[in-house]
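# Report on the structure
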2 protein chains.
Amino acid sequence: MLAASINGVAVDSPATGLSLEDRGLSYGDGVFETISLRAGAARFLADHLARLSQGLERLEIEAPPLELVAADVAELIRHAREGIVKVIVTRGAAGRGYRPGSQVATRIVLLYPPVEREEKAISARWCSTRLGRNARLAGIKHLNRLEQVLAQNEWNDPAIAEGVMMDTEGEVVCGTASNLFVVNDGVLITADLRFSGVRGIMRQRVLNIAARLGIGTRECSLWPNDLTSASEVFFTNAVRGIRAVTDLDGRKFEIGPMTSRLMQAVESEA
Amino acid sequence: MLAASINGVAVDSPATGLSLEDRGLSYGDGVFETISLRAGAARFLADHLARLSQGLERLEIEAPPLELVAADVAELIRHAREGIVKVIVTRGAAGRGYRPGSQVATRIVLLYPPVEREEKAISARWCSTRLGRNARLAGIKHLNRLEQVLAQNEWNDPAIAEGVMMDTEGEVVCGTASNLFVVNDGVLITADLRFSGVRGIMRQRVLNIAARLGIGTRECSLWPNDLTSASEVFFTNAVRGIRAVTDLDGRKFEIGPMTSRLMQAVESEA
């Protein structure tokens, strides 16, 4: 890079902060994690670091030592008790062009205030923005998130807490920022995420808990009628835990027994 | 944001350069342009600004005044003669969460040295990385580019200059960083980009020139056998112009008469 400006102001390079050539900015070339901070501890940190590492491997990004990321997090939350920690790891700064070189990954850690106490029963809607299908990227919490941005931009009503997203073939995949579970005939079902969606930390914990409790589970293709015929529907998210859907564009659901049981089990986890 | 670090070093916020909360970094929430600088002038600048503006509109990003972007470019290239100008416009900096707020767009302009003089006849390969299909994002030069990154990471052989990409259904769409044209039975054909790919500035200029020269053109679905049966194949790109493919994984092509004629016409344009 020969010169650069941001908002019209000339920038000396390299900037002290994030390089304007960081591939996270140029191409969304990286991954992120959103971690709940509770009583001074980063919750499910090992799970988050493991997923981060898997995502980087699938994107063929040389991962920084995970101890270094853990140390970044520890340093940033040293004086904090409650909050949300966002970790971003990108392929690093490089010149023009898609081809990765021998960059050193960039590690960014951000601390946010905790989410406000939320209702455990929420209203949701169907989104019209669809998810593209690409098995190569499915499951990874990468930085290419325009579909989620456009989906959340579909509504302003604060009474609607989350949106259900389908992929371009009409399969139901997830919420805009959560995974989705339904209960049908006593079986706990969630989308298998083979073509899109993010493999959520809370999603996996719920599946594990269900197995431990002897609840039958299935990961498969989900279709809109699997939702309308469901007896229970809920979203999962590492920060917000389990949120029961009691209204989906007018279709009403109860907070069912399985949802309640899983909520309790999740909350009692370390 | 309460606190932040980059590569383990605490950062005072707001940073003087790019905010670590810029949505371009968080979600690839923005668009970019790559503009050729020739003899001190940004080539096809009006076309680039028009596409930038259309992309922002489709992503529901409030565009900065285009005169401001043009002024950023003019200021940065004031003392330069030859080079490549990269313009990035993102939705701006915001807190956590996909939902767009009332951010002010971030404008970044970067100046790079010109590309080295390149062969006008190149070897190419088929990429195994596929493009996901999403009509909502098709054609936009947005910042969600992991598919192109992974595709270019498939090969290291410097003798291979570009890769041909298919979408997940097997339609041929484009090069990793260029559009693709074939000549079949005297007709100039390019992918219609209804589900993926970027609507290139040079692609449109070539279509316009062809129409002016009385060459029949078609934008439609392209399939692998349209390439193998083609008499001519070439890539287009605003910086590199037209590059004829003379070898595609062993299948040989000549630099045909239509390609030569279009190369000449493109080079003679302002």
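By convention here, each chain's residues receive numbers from 1 onward along its written sequence. For naming, the first written chain is A and the first written ligand is 1, with later ones following in the order written. Per-residue local features are limited, in this predicted model, to residues with pLDDT of at least 70; the limit for side-chain atom pairs, both in listing and counting, is 80 or more; totals at the level of whole chains, interfaces and linings are taken over all residues. Just so you know, side-chain values use all the structure's heavy atoms and leave hydrogens and water out.

A run of H or I in DSSP becomes a helix once it reaches four residues, and a run of E becomes a strand once it reaches two; helices and strands are each numbered from the N terminus. When helices and strands are tallied, chain A shows 7 helices and 15 strands. For every residue, the accessible area (1.4 Å probe, protein chains only) is compared with the maximum for its type, and the residue is labelled buried under 20%, exposed over 50%, or partly exposed between those bounds. Considering chain A as a whole, with its 270 residues, one finds that 59% of them fall into the buried category. Excluding contacts between residues fewer than 6 apart, the proportion of contacts in chain A whose partners are at least 24 apart in sequence is 70%. In these tables, accessible area is a Shrake-Rupley quantity obtained with a 1.4 Å probe, and a residue counts as shielded only by the protein chains included in the view. Carbon and sulfur atoms make up 50% of the accessible area of chain A, which totals about 10800 Å². His is not counted here, nor are the chain ends, while Lys and Arg score as positive and Asp and Glu score as negative. Throughout, a charge is located at the NZ atom of Lys, the CZ atom of Arg, the CG atom of Asp or the CD atom of Glu. The centroid of the 31 positive side-chain charges in chain A is displaced by 2 Å from the centroid of its 33 negative side-chain charges. We call two residues in contact whenever any of their non-hydrogen atoms come within 4.5 Å of each other.

Contacts between chain A and chain B engage 73 residues on the former and 73 residues on the latter. Buried area is a sum: the accessible area each of two parts loses on coming together, probed at 1.4 Å, counted once for each and added. Of the roughly 6400 Å² buried between chain A and chain B, counting both surfaces, carbon and sulfur atoms make up 58%. The largest share of the area that chain A buries against chain B comes from A:R96, A:Y98 and A:L146, three residues that together contribute 14% of it. The term salt bridge refers to a side-chain nitrogen of Lys or Arg lying within 4 Å of a carboxyl oxygen of Asp or Glu. Summed over the shared surface of chain A and chain B, the number is 0 salt bridges.

Bringing the packing of aromatic side chains into the picture now. Each aromatic ring pair is specified by the distance between its two centres and by the angle formed by the two planes. Between rings of Phe, Tyr and Trp, where Trp is taken as its six-membered ring, a pair exists when centres lie within 6.5 Å; planes separated by under 30 degrees are stacked, by over 60 edge-to-face, and by other angles tilted. Counted by the stated rule, this structure contains 6 aromatic pairs over all chains. On the numbers, 6.5 Å between centres and 70° between planes, the contact of A:F32 with B:Y27 is edge-to-face. Taken together, the positions of A:F32 in strand β3 (residues 30–38) and B:Y27 in helix α1 (residues 23–27) put the pair across two chains. A single burial state applies to A:F32 and to B:Y27, both of which are buried. With centroids separated by 4.8 Å and ring planes inclined at 55°, the aromatic side chains of B:Y27 and B:Y98 adopt a geometry described as tilted.

Now for the packing of helix α5 (residues 201–212) of chain B against helix α7 (residues 257–267) of chain B. Packed helix pairs are specified by the crossing angle of their axes together with the interaxial distance, meaning the distance between the axes. Residues and elements named next belong to chain B. Working convention: axes come from line fits to C-alpha atoms, limited for helices to the stretch in contact. Angles between N-to-C directions cover 0 to 180 degrees. Remark: α5 packs on α7, axes separated minimally by 10 Å, with the N-to-C direction vectors making an angle of 110°. Of the possible angle classes, the one that applies to α5 and α7 is roughly perpendicular. Taken together, the residues of α7 that come into contact with α5 (itself represented by M202, V206, I209 and A210) are L262, A265 and V266. Its residues assigned to classes, the contact of α5 with α7 shows 7 nonpolar, no polar and no charged. Throughout, the term roughly parallel applies to angles under 35 degrees, roughly antiparallel to angles over 145, roughly perpendicular to angles from 65 to 115, and oblique to all others. Charged residues are taken to be Asp, Glu, Lys and Arg, nonpolar residues to be Ala, Val, Leu, Ile, Met, Phe, Trp, Tyr, Cys and Pro, and polar residues to be all remaining types, Gly included.

A residue counts toward the fit only if its pLDDT is at least 70 in both copies, and the copies are then superposed by least squares on the C-alpha atoms of those residues. Overlaying chain A with chain B gives an RMSD of 0.0 Å, the required rotation being 180° about an axis along which the chain moves by 0.0 Å. Interpreted geometrically, this transformation is the action of a two-fold axis. Both copies contact each other with a shared surface, as 100% of the interface residues of chain A are interface residues in chain B too.

Bringing the packing of helix α2 (residues 45–58) of chain A against helix α3 (residues 66–76) of chain A into the picture now. All names here are of chain A. Running from amino to carboxyl end, α2 crosses α3 at an angle of 130°, the nearest separation of the two axes being 11 Å. With respect to α3, the axis of α2 lies oblique. Crossing angle aside, the handedness with which α2 passes α3 is right-handed. Facing α2, whose interface residues are L49, L52 and S53, α3 presents L66, V69 and A70. If you view the pair so one helix is near and one far, a crossing is left-handed when the near helix is turned anticlockwise from the far one by less than a right angle, and right-handed when it is turned clockwise.

In a helix, the anticipated span is given by 1.5 Å times the number of residues less one. In this model, α5(B) (12 residues) spans 17 Å end to end at C-alpha, consistent with the 16 Å of a helix rising 1.5 Å per residue. Two residues or fewer after α5(B) comes B:G214, characterised by a positive phi angle close to 80°.

Okay, helix α3 (residues 66–76) of chain B next. Of the residues making up α3(B), those classed as buried are B:V69, B:D72, B:V73 and B:L76. Summarising the axial view, the buried residues of α3(B) lie within an arc of 95°, below the 170-degree limit, and thus occupy one face. This arc is built from the directions going out from the helix axis to the C-beta atoms.

Before going further, it helps to examine the pattern of salt bridges. All names here are of chain A. According to the stated counting rule, one finds 32 salt bridges over all chains in the structure shown. The salt bridge partner of E60 is R136, with a shortest N-O separation of 2.9 Å. Of this pair, E60 sits in the loop between α2 and α3 while R136 is found in the loop between β7 (121–126) and α4 (146–152), placing the two residues 76 residues apart along the sequence. Overall, the relative accessible area of 39% leaves E60 in the partly exposed class.

It is worth spelling out the environment of B:K86 at this point. Note that B:K86 resides in strand β5 (residues 83–90). Note: C-alpha distance between B:K86 and B:V69 (17 residues apart in sequence) is 11 Å. Contacts of B:K86, omitting those with residues within four sequence positions, involve A:S26, A:Y27, A:R96, B:F32, B:E33, B:I108, B:V109, B:L110 and B:Y112.

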